[in-house]
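Tertiary structure, described
Spelled out from the first residue to the last, the chains are:
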Amino acid sequence: MEVQECIFCKIIKREIPSYIVYEDEKCIAFLDIRPVTKGMVILVPRFHYETFDFDLETSYHCLKKSLELAKGIKDVLNAIDVQIAIIRSPLKHFNIRIYPIYSNEDIPIIQNKPNEISEAELNQIWQKLLAIKVEIKEKEEKIKIENENDEERKFEELKEKWRKRFLP
Ligand SMILES: [Zn+2]
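The paragraphs below set out a description of the structure included in this document. (Residues numbered from 1 in each chain as written. Predicted model: local features only at pLDDT ≥ 70, side-chain atom pairs only at ≥ 80, totals over all residues.)

1. A closer look at the overall build of the chain
Secondary structure assignment for the chain yields 5 helices and 5 strands. Counting from the amino terminus, helix and strand elements in the chain follow one another as α-β-β-β-α-β-β-α-α-α. In the chain, which comprises 168 residues, the proportion classed as buried is 25%. Sequence separation of at least 24 residues holds for 60% of the intrachain contacts in the chain that already meet a minimum separation of 6. (Helix = DSSP H or I, 4+ residues; strand = E, 2+ residues; numbered from the N terminus. Buried ≥ 20, exposed ≤ 12 C-beta atoms within 10 Å, placed from the backbone. Contact = placed C-beta atoms within 7 Å.)

Below is the structure:
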């Protein structure tokens, strides 16, 4: 698909209306208007490219923002979990899909059935998502490792390593 025909690019350029829930200099996220689950969000890089490895740095940024956004979505929509998927789209514009899950029976990526949703309901969800602050706040307090048994301490150390590696 040519860039000028890409719906995501049109959303980015504000050529078609959309429910944007987050944007920064590298990426933009908006509600899917035919969501597989209510509150499904699609996050795309501003620059049109097809595969994640075309621009790894931007793709990493997109994935990181997707996780942060997913945390906010989970909280404000009272979802039990959120599925995040990178699935090829006919638009050939790299994208990350964020599906809130409301019950253990929800398997949106496998079911992949879009649902009709009213504009009023979309608007309602949009208002909720606009309140999300996409930013993981580092906990200031040091992790207490005193008085904990060895297993817990090892787990905390692992978590800390993970944090240092993947978070700013
Ligand atoms: Zn595009």
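2. As for the pairing of strand 2 (residues 27–31)
The buried fraction of strand 2 amounts to 5 of the 5 residues, a majority that puts the element mostly inside the structure. Of the two faces of strand 2, both are covered, the one formed by Cys27, Ala29 and Leu31 as well as the one formed by Ile28 and Phe30. Strand direction decides the pairing type here: strand 1 (residues 20–23) and strand 2, joined by 3 bridges, are antiparallel. Within the sheet, the bridge partner assigned to Ile20 lies in strand 2 and is Phe30. If you look at the hairpin formed by strand 1 and strand 2, you'll find 3 residues sitting between the two strands. Note: strand 2 against strand 3 (residues 41–45), 5 bridges, orientation antiparallel. (Pairing = 2+ DSSP bridges.)

3. Describing the nonpolar core
Counting 29 residues, the largest nonpolar core has Ala29, Val41, Leu43, Leu69, Ile73 and Ile98 as its most contacted members. For this core, the elements supplying multiple residues, two or more each, are helix 1 (7–12), strand 1, strand 2, strand 3, helix 2 (56–76), strand 5 (96–101) and helix 4 (119–130). By residue number, the principal contributor to this core is strand 2, which donates 5 residues. (Core = buried A, V, L, I, M, F, W, Y, C linked by C-beta atoms within 7 Å.)

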